[in-house]
Amino acid sequence: MSKQVTLTIDGKQITAPEGMYVADAAKLAGIDIPVFCHHPKLEPVGMCRMCLVEIGRPVRDRATGQFVMENGAPKIQFMPKLETACTNKVEDGMVVMTQSNKAVEGQRGTLEFLLTSHPLDCPICDKGGECPLQNLTMAHGPGKSRFLYDEKIHLDKMVPLGELIWLDRERCIQCARCIRFQSDIAGDSVIGFDERGRSTQIVSFSDPGFDSVFSGNTSDICPVGALTTADFRFGARPWELDAQASICTQCPVGCNTTLNTRREAKSGGDIVVKRVMPRQNEEVNEIWLCDKGRFAYHYAESRKRLAKPQIRKDDKLVRASWDAATKLAAENFQKAKKNFVILASGRLSNEDLFNLKSLADHSDGKAYLYSDMAGGDLTSLVGVSEGTNFGKMGAGTAIVVIASDLYQEAPIWYLRIKQAAARGATLIVLNARETKLDKYASFVVRYAYGDEVKSVNDLSKKSKIGDAVMKAENLVVLFGSDGLGVSGTASVASACAKLLQETEHIGKPNNGLIGVWQRANDQGAFEMGFEVEEDLSKALKGKAVYIVGADPVTDDPKLAKALEGAEFVAVQDVIETATTEIADVVLPAQAFTEREGTFTSGERRVQRFYPAVPVTGDAKPDFSITSQIARHMGIVLEGTSISAVFDILSVSVKSFEGLNYARLAEVKEQWPIVGRSDLYYGGTTYENKQGMGAHLSTAATRGEKVSIPKVQREAAPRPKENELLAIPVTRLYDRGTTILPAELLHERIGEASISLHPDAAKEMGVEAGQTVNVSFNGVSGEAVVKLDETISVGVALIPRSMGFAIHEPIPAKVK
Amino acid sequence: MSLAKKYPKEVKQILSKYPPEHKRSAVMPLLYLAQREEGYISKAAMQDVAGIVDITETDVAAIVGFYTLYHDKKEGKYRMQVCTDLPCALRGAEQFMDNLCANLGIKVGETTPDGMITLEAVTCLAACDKAPMFQTQGPDGIKYYENMTVDKTMELVEALKKSGTEVK
Amino acid sequence: MEHILLRHRDIPDINTINVYKKSGGFAAFKNAVTKMKPGEVTEVVKNSGLRGRGGAGFPTGMKWAFIDNKNWPHYVVANADESEPGTFKDREIMEGNPFQFLEGVAIASYAVGANVAYIYLRGEFWQVAAFLDEKISEMEKAGFLGEKLFGTDYSLKIYTHLGAGAYICGEETALLESIEGKRGQPRVRPPFPPSYGLYGKPTIVNNVETLTNVPLILANGADWYKSMGTADSAGVKIFSLSGRVRKPGNYELPFGTTFRDLIYKYGGGVQDSRSVKAIMPAGASSSLILVDDDKVLDTPMDYASVRTIGGDLGSASVIVIDDTVSIDWVINKTIHFFRHESCGKCTTCREGTYWMSHLTERIHEGKGSTADVDLLLNVAKQMQGKCLCALGEFSTMAVVTGIERFRKDFDKAVKA
Ligand SMILES: Cc1cc2nc3c(=O)[nH]c(=O)nc-3n(C[C@H](O)[C@H](O)[C@H](O)COP(=O)(O)O)c2cc1C
Ligand code: SF4
Ligand code: FES
């Protein structure tokens, strides 16, 4: 622990860590010094002048360095001017007065200055009710204005900075929290101040406007109602909202969220989610969320929600009872014996996946995870575990990122790794193309697609990078699926696991392997023993298939074909999809907003989510539907209490041993303190009262012998002449089932695209923006050309889930 | 055309003044270069400068917006910036300005119909002992004119109009 | 007396390198680099009593000694922003006697171990910058700048950097931000530039006039310099005289010269033989000194004495206001300046100057009331001691002293 300093604030003796600012130390001690520009996550700038206090320091004898004593106490010398509590660090013997006449007069003065330009339109402001400026004004503000109303400046009130964030110029108090968040924390300096003096205004010149995947956070930390999200603005008053804890389901980071809900006439008097807010978890997402997590929740309230079970009769889906539907499914699965196949996705909770896997195990069936990535068996063995926290990594830690564009695939990891690098961690980025993370890396390695394994192996060779890896005290390796499919990721995972094992970077905190999975709970599925099948169409053909939380028909025409030839198809999902349309039985599942459960993040942290809104129709939670089917098959699986399912799984799945719902609900004390009524620090982030989750153990931490499968070297396929190597890449916003219902994001999702090197485009005679025909492996479609100088001439990047069924690198024709 | 293509020598020379890891420092001189021909900095030019020094367009715009000698709108070919600050005003700068307006037939902040001169009132230019004075900001940079009279100024204006460039 | 700084007034063509060399130029720099340790150079400057001419009057040698020797590289930055209304001395030095200034930059750089120095000129000094660039390359050609100077291991490069119209960039940390390619807004201090300056590295920022003193101090010794001026204000100072005087201009005089001598002896007296009503000794940032008896005019111009009559010498830009001028007009002018130049970073200054400008305008236009005058005074006082940098504090000086010392003018304005 860092050295502690003792000082006095408002007569109260307190201790605080050395290096802490007075404003923060006061907060620790329960004393609220008002602030606007200060935020403990940002470097102090001392510009709003709200935190003015009197500071005295003990006089030291020049010769001895000892305190000079006066009447038995150290002599304190006060500065003639007020000082800012947010820029002065605590010192031993310091005396701070936050409530003296002089200090209060200073604080009131600043408040009055701020209000001279403020519109005071609280009754129509989204922030009203959770606004620090409003609170302070109510508490200390002048009752009457000494400034003439006519002389107030009137500025634009509805300025879209982009399509997601709106600015009210009159309300902005120029504290620059938003600008500093974007430039210092997010690394996207896409909003800034224009002009100067009283004309200073927030602007965005990027294209598209406010081009950052972190933009929503600015509306949280804005201490006034200047920045609001297009999603929530004018949507509700903060005091009408209820808050339920949840976990983001959009990526493997597992950000802790709060779902704000209220009853609303527009929705027929139903309780609906009005917004998604961050919930503090300093070990996962701190107080941030990415925009996908914040805005893509709408699928749960989609008009296409499934409400009743359905059975196919005379080639039409008709309503059925739960009993009839599950019975039909059970009969067919049982009949199929070895030909029973479960295809489930990482959208499901641990409990759902556990029941599904148990069903497969008890019935000779197979359980596959719907994913383009393998390697989860290895993250179970040598993944990260207890005590791991990106937020604490710095000098001494090496972080390797291979084949992943974290900014797009797991934005909050991007943000936290970027900051770890700023604190001194050695960041090594290996990729075939430029990614945003490169800028913060100590080493960047560019390989040709197909050379991924080699580039990992090279890390243990003697070289500057090799030394950095070998000498690191801690080593974390993240692998993704940029240009890789199932077998490719399996090889890369093995190579990475081998590196970690050989360098003894397993089985301890802040060490191990992390998969940048495609869905939120893929790691959970791997823990349950799910496998990934490379040739899914073969695996599904002619089988009795139980598809849970996936839409293969939309994703891939080949899978659609395979399912046409399936014996029987039962589909369990939240909303209607092309796959439910071809099903023999449709089983409506509850959305994550309607039920509880747990997810396992990519960092192998198990976290609970809670019900926030009432159930849609007759939908049931997945684990319970599975248990009902199982019962018809003579297999007993827990189907009523989810915590009971968890208890069972914690006995049978080793990595979950010792965990239970109560443990997952435990909360540690966190800094910054965001929960008090002053709201200053966290903006409107929510205090975590519902649990920070817990890490799973690994084979390595349990002291088991770890054996890593031999690495298969995967060569990328060779395109013929007139062909390019099509490379699957992942983009944050795609046409996936859980994103598309969020209309607000459609502009960012855009159209299906293909990225070419400018030279390749030139040779083919195509230009940026032009539509081309792309065909490979029997599929073809149109895509808009984008140019990317950072890729090699022979490749074409094709985003996943944007209309093309691309799973791995594959030669393609482009016309 | 991009600055780097148009003025390769100047861009290189500007960048050479600053440590390579701090090339952002070059943004101000590059903006002067970008402003040279049109008298203002277009969005495209900001993008261009942003690319050279590797910062965002918004960061560049924030600088253009802060400093008064950068302009983001096209106005007169020459900006005639008369100091009307306290020391000059004590020596008749305000009257000079009024007379100039009358002679040019425009108000402060306006541009002559031929697009040659935009008249502006500015703060102290460090020539207080030589009031009335003004500077011109135009294609050939910034020039001072001190101890001016309205007649001398109108001569300058005529010369500018005739030659299209600054007189010595 | 011969000039020490404005030597071009005595020596024709001293702005050419040959004439400068012939007049003893660069000997001090060469001597320092070849015969003195950096610390010894600093010691001489310290002993000379030289204080900063940028306004704050901070002892120059002491500042140099603060340079953090644990963190490298070091930089020297010459502050040629010269934007204080009423100040026009640095420009004359740079145009008239450029090499002495550049030599001063070079000596300072050697003393603090900097191999790169920047000269930050206000954007309007476009021609001056071009002129200095020429002079710098002449020095490079002549072997006074560049690699391994005078056969030692010491190397030095000097570059000019133009601002673009922002008074605040004269404030040293805003200036550094500006060189870094950012908006010119002041930083939180501490840390101060000698420990955290340009690019976060130890940096010495000095005014042009300050640095121009250095070569002759080194050539003639600290005692020679101290023999001029007064006890607390050693040496000579360039007084920029402007406003209602017959002969405005720069006057290089020893500290301790009286206002009366400056205005009457050198400045030729007040225009139209009116009488002096008020003096602003430090440009627009000044307190308004009330001139109601002879004692004020007979005050010696040095740092300590000016304080006794309710002002600060600052950059010694003496603006003379005669009895035809109403003070409400004066502060309307100064507030407009500060409102225009406020960088907008801190609330106090951004909102305070905006508010004050509305009030002064209303008062000056005859639409104000007595209450407005009281409010104006109150707002100015509410700002005092609460701004992030000195600009905001400066903006209140003329307002507070103007109203307190010339209340009658305001009463008249609100009645009219
Ligand atoms: C608003 C403001 C404007 C300033 N303008 C100038 C200036 O134009 N020139 C200057 O040399 N110092 C100026 N200063 C003072 C500088 O911050 C700094 O103190 C000075 O350059 C130090 O050099 P010196 O010690 O040689 O005086 C200004 C200070 C403030 C607060
Ligand atoms: S928009 Fe909000 S966060 Fe940004 S500067 Fe204005 S008040 Fe501060
Ligand atoms: S100045 Fe301290 S909180 Fe803004």
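Residues numbered from 1 in each chain as written. Chains lettered and ligands numbered in written order. Predicted model: local features only at pLDDT ≥ 70, side-chain atom pairs only at ≥ 80, totals over all residues. Heavy atoms only, no water.

**Quick word on the overall build of chain C**
Logical step 1: A tally of regular secondary structure across chain C gives 18 helices and nine strands.
Logical step 2: Across the 416 residues that make up chain C, the buried fraction comes to 66%.
Logical step 3: When contacts within chain C are restricted to residue pairs at least 6 apart in sequence, those whose partners lie at least 24 apart make up 69%.
Logical step 4: Summed over all atoms, the accessible surface of chain C reaches about 13,600 Å², with 52% contributed by carbon and sulfur. (Helix = DSSP H or I, 4+ residues; strand = E, 2+ residues; numbered from the N terminus. Buried < 20%, exposed > 50% of the residue type's maximum accessible area, 1.4 Å probe, protein only. Contact = heavy atoms within 4.5 Å. Areas by Shrake-Rupley, 256 points an atom, 1.4 Å probe, with all protein chains shown as cover.)

**As for the overall build of chain B**
Logical step 1: The helix and strand tally for chain B stands at eight helices and four strands.
Logical step 2: Helices (α) and strands (β) of chain B occur, in sequence order from the N terminus, as α-α-α-α-α-β-α-α-β-β-β-α.
Logical step 3: Principal-axis analysis of the C-alpha atoms places the extent of chain B at approximately 50 × 30 × 30 Å.
Logical step 4: Counting across all 168 residues of chain B, residues that qualify as buried make up 58%.
Logical step 5: For chain B, contacts bridging at least 24 residues in sequence account for 57% of all contacts bridging at least 6.

**Describing the packing of helix H14 (residues 327-341) of chain C against helix H17 (residues 390-405) of chain C**
For any two helices packed against each other, the geometry comes down to the angle between their axes and how far apart the axes lie.
Residues and elements named next belong to chain C.
Logical step 1: Interaxial distance between H14 and H17 falls to 9 Å at its minimum, and their mutual angle equals 170°. Considering their axes alone, H14 and H17 lie roughly antiparallel with respect to each other. Residue-level contacts link Ile 327, Ile 331, Thr 334, Ile 335, Phe 338 and Glu 341 of H14 to Leu 391, Phe 394, Ser 395, Ala 398, Val 399 and Gly 402 of H17.
Logical step 2: By residue class, the composition of the contact of H14 with H17 is eight nonpolar, three polar and one charged. (Axes fitted to C-alpha atoms, helices over the stretch in contact; angles between N-to-C directions. Parallel < 35°, antiparallel > 145°, perpendicular 65-115°, else oblique. Nonpolar A, V, L, I, M, F, W, Y, C, P; charged D, E, K, R; others polar.)

**Let's talk about the nonpolar core**
Logical step 1: If you look at the biggest cluster of nonpolar residues, it comprises 169 residues, and the most contacted ones within it are Tyr 67 and Tyr 70 of chain B together with Trp 64, Phe 101, Ile 119, Leu 121 and Leu 288 of chain C.
Logical step 2: Considering each element in turn, this core owes the most residues, ten residues, to helix H6 (residues 98-112) of chain C.
Logical step 3: Ranked by size, the runner-up nonpolar core spans 112 residues in total, among them Val 5, Met 50, Cys 290 and Tyr 680 of chain A. (Core = buried A, V, L, I, M, F, W, Y, C linked by side-chain atoms within 4.5 Å.)

**Things to note about the sheet that holds strand S31 (residues 694-695) of chain A**
Residues and elements named next belong to chain A.
Logical step 1: Spatially, S29-S30-S31 is the arrangement adopted by the three strands of the open sheet, whose pairing is antiparallel. Of all the strands in the sheet, the pair left with one neighbour each is strand S29 (597-600) and S31.
Logical step 2: Where strand S30 (residues 605-609) and S31 come together, two bridges link them in antiparallel fashion. Directly across from Val 606, in S31, lies its bridge partner Ala 694.
Logical step 3: On top of the sheet, helix H8 (residues 350-362) reaches S29 and S30; it is set at about 85° to S29, its chief contact. (Pairing = 2+ DSSP bridges.)

**Examining the interface of chain A and chain B**
Logical step 1: Residue-level contacts link twelve residues of chain A with twelve residues of chain B.
Logical step 2: Between chain A and chain B we count zero salt bridges in total.
Logical step 3: Joining chain A to chain B, the criterion identifies six residue pairs in polar contact (both at pLDDT 80 or more).
Logical step 4: Top contributing element to the side of chain A that touches chain B by residue count: strand S11 (residues 192-194) of chain A, with three residues.
Logical step 5: When its residues are assigned to classes, the side of chain A that touches chain B shows five nonpolar, four polar and three charged. (Salt bridge = Lys/Arg side-chain N within 4 Å of Asp/Glu carboxyl O. Polar contact = N/O pair within 3.5 Å; in protein donor to acceptor, adjacent residues only side chain to side chain.)

**Quick notes on the pattern of salt bridges**
Residue and element names in this part refer to chain A.
Logical step 1: Inspection of every chain in the model, using the stated rule, returns 89 salt bridges over all chains.
Logical step 2: One salt bridge connects Glu 240 with Arg 262, and the closest N-O pair in it is separated by 2.4 Å. Separated by 22 residues along the polypeptide, Glu 240 in the loop between strand S13 (227-229) and strand S14 (242-247) and Arg 262 in strand S15 (residues 256-264) bring together distant segments of the chain.
Logical step 3: Residue Glu 240 is classed as partly exposed on the basis of its relative accessible area of 35%.
Logical step 4: Between Lys 308 and Asp 618 there is a salt bridge, with its nearest N and O atoms 3.1 Å apart. Placement of the pair is Lys 308 in the loop between helix H6 (291-295) and strand S17 (310-313) and Asp 618 in the loop between S30 and helix H20 (622-632), with a sequence separation of 310 residues.
Logical step 5: What you see here is one network of salt bridges that share partners, running through Asp 121, Lys 157, Asp 168, Glu 170 and Arg 171.

**Some details on empty space enclosed by the protein**
Residues and elements named next belong to chain A.
Logical step 1: Inspection of the entire model under this criterion finds seven cavities of 30 Å³ or more.
Logical step 2: Considering only enclosed or pocket space, the largest cavity measures out at about 180 Å³ in volume.
Logical step 3: Around the largest cavity, the lining comprises 18 residues; the ones closest to its centre are Ser 219, Thr 229, Phe 232, Arg 275 and Met 277.
Logical step 4: Of the residues assigned to the lining of the largest cavity, the class counts are six nonpolar, four polar and eight charged.
Logical step 5: Of the volumes computed, that of the second largest cavity is approximately 150 Å³.
Logical step 6: Along the wall of the second largest cavity there are 16 residues; nearest its centre are Arg 347, Val 574, Gln 590, Phe 592 and Asp 622.
Logical step 7: Of the residues contributing to the lining of the second largest cavity, the split by class is seven nonpolar, four polar and five charged. (1 Å grid on protein atoms, 1.4 Å probe; cavity = no way out; pocket = protein on both sides within 12 Å on 5 of 7 lines; lining within 4 Å. Points joined across faces, edges and corners; volume = space filled by probe spheres on them.)

**Quick notes on the interface of chain C and chain B**
Logical step 1: Counting from both sides, the interface comprises 58 residues of chain C and, opposite them, 40 residues of chain B.
Logical step 2: Overall, the association of chain C and chain B removes approximately 3,900 Å² of surface from exposure, summing both partners, and the carbon and sulfur fraction of that is 59%.
Logical step 3: A salt bridge links Lys 333 of chain C to Glu 94 of chain B, with the shortest nitrogen-to-oxygen separation between them at 2.7 Å.
Logical step 4: Of all the secondary structure elements, the ones that give two or more residues to the side of chain C that touches chain B are strand S2 (114-121), helix H7 (126-141), strand S3 (157-162), helix H8 (172-179), strand S5 (236-243), strand S9 (317-322) and H14 of chain C.
Logical step 5: Top contributing element to the side of chain C that touches chain B by residue count: H14 of chain C, with seven residues.
Logical step 6: Of the residues in the side of chain C that touches chain B, the class split is 27 nonpolar, 19 polar and twelve charged. (Buried area = accessible area lost by both parts, 1.4 Å probe.)

**A short note on the site of ligand 1**
Residue and element names in this part refer to chain C.
Logical step 1: In the vicinity of ligand 1 there are 19 residues, among which Gly 54, Asn 79, Asn 206, Asn 207 and Thr 210 approach most closely.
Logical step 2: One of the side-chain nitrogen or oxygen atoms of Thr 210 is found 2.7 Å away from an oxygen atom of ligand 1.
Logical step 3: Within the complex, the protein chains bury 91% of what would otherwise be the 610 Å² of accessible surface of ligand 1.
Logical step 4: Secondary-structure elements contributing two or more residues to the shell around ligand 1 are strand S4 (203-207) and H17. (Near = heavy atom within 4 Å.)

**Comments concerning the domain arrangement of chain C**
All names here are of chain C.
Logical step 1: Under the domain assignment used here, chain C contains domain 1 (7-226), domain 2 (236-322) and domain 3 (327-415).
Logical step 2: Taken together, the contact pairs 19 residues of domain 1 with 18 residues of domain 2.
Logical step 3: Between domain 1 and domain 2, roughly 1,400 Å² of surface is buried when both sides are summed, and carbon and sulfur atoms account for 49% of that area.
Logical step 4: Of all residues in domain 1, the largest losses of buried area upon contact with domain 2 belong to Arg 53, Glu 84 and Phe 88, amounting jointly to 32% of the total for that side.
Logical step 5: The interface formed by domain 1 and domain 2 includes one salt bridge. (Domains from an automatic or database assignment.)

**Side note on the site of ligand 2**
Logical step 1: Taken together, 13 residues sit near ligand 2, with Cys 172, Cys 175, Ala 176, Cys 178 and Cys 222 of chain A positioned nearest.
Logical step 2: Counted by class, the shell around ligand 2 contains eleven nonpolar, one polar and one charged residues.

**Considerations on the pairing of strand S6 (residues 249-254) of chain C**
All names here are of chain C.
Logical step 1: Within S6, five of the six residues are buried, which leaves it mostly tucked inside the rest of the structure.
Logical step 2: Inspection of the sheet shows S5 paired to S6 by six bridges, in the antiparallel sense. Residue pairing across strands places Lys 237 opposite Leu 253, the latter belonging to S6.
Logical step 3: Between S5 and the antiparallel strand that follows it, S6, lie five residues.

**Remarks on the domain arrangement of chain B**
Logical step 1: Examined at the domain level, chain B breaks down into domain 1 (3-66) and domain 2 (78-163).
Logical step 2: Domain 1 of chain B and domain 2 of chain B are separated by 28 Å when their C-alpha centres are compared.

**A word on the packing of aromatic side chains**
All names here are of chain C.
Logical step 1: All told, the structure shown has 44 aromatic pairs over all chains when counted by the stated rule.
Logical step 2: Measuring from ring centre to ring centre gives 5.7 Å for Tyr 75 and Tyr 199, while their planes differ by 70°; the resulting arrangement is edge-to-face. Pair noted here: Tyr 75 is in strand S1 (residues 74-80) and Tyr 199 is in the loop between H8 and S4, with a separation of 124 residues, a long-range link. Considered together, Tyr 75 and Tyr 199 belong to a single accessibility category, that of buried residues.
Logical step 3: Put simply, the rings of Tyr 20, Phe 26, Phe 29, Phe 99, Phe 144 and Phe 150 touch in pairs and so form one group of aromatic residues. (Phe/Tyr/Trp six-rings, centres within 6.5 Å; stacked < 30°, edge-to-face > 60°.)

**Structural notes on the environment of Val 606 of chain A**
Residues and elements named next belong to chain A.
Logical step 1: Its place among the elements puts Val 606 in strand S30.
Logical step 2: When the C-alpha atoms of Val 606 and Met 692 are compared, they prove to be 8.7 Å apart, with 86 residues separating the residues in sequence.
Logical step 3: Contact partners of Val 606, with chain neighbours within four places excluded, come to Asn 350, Thr 598, Phe 599, Thr 600, Phe 646, Phe 656, Leu 659, Leu 664, Gly 693, Ala 694 and Leu 696.

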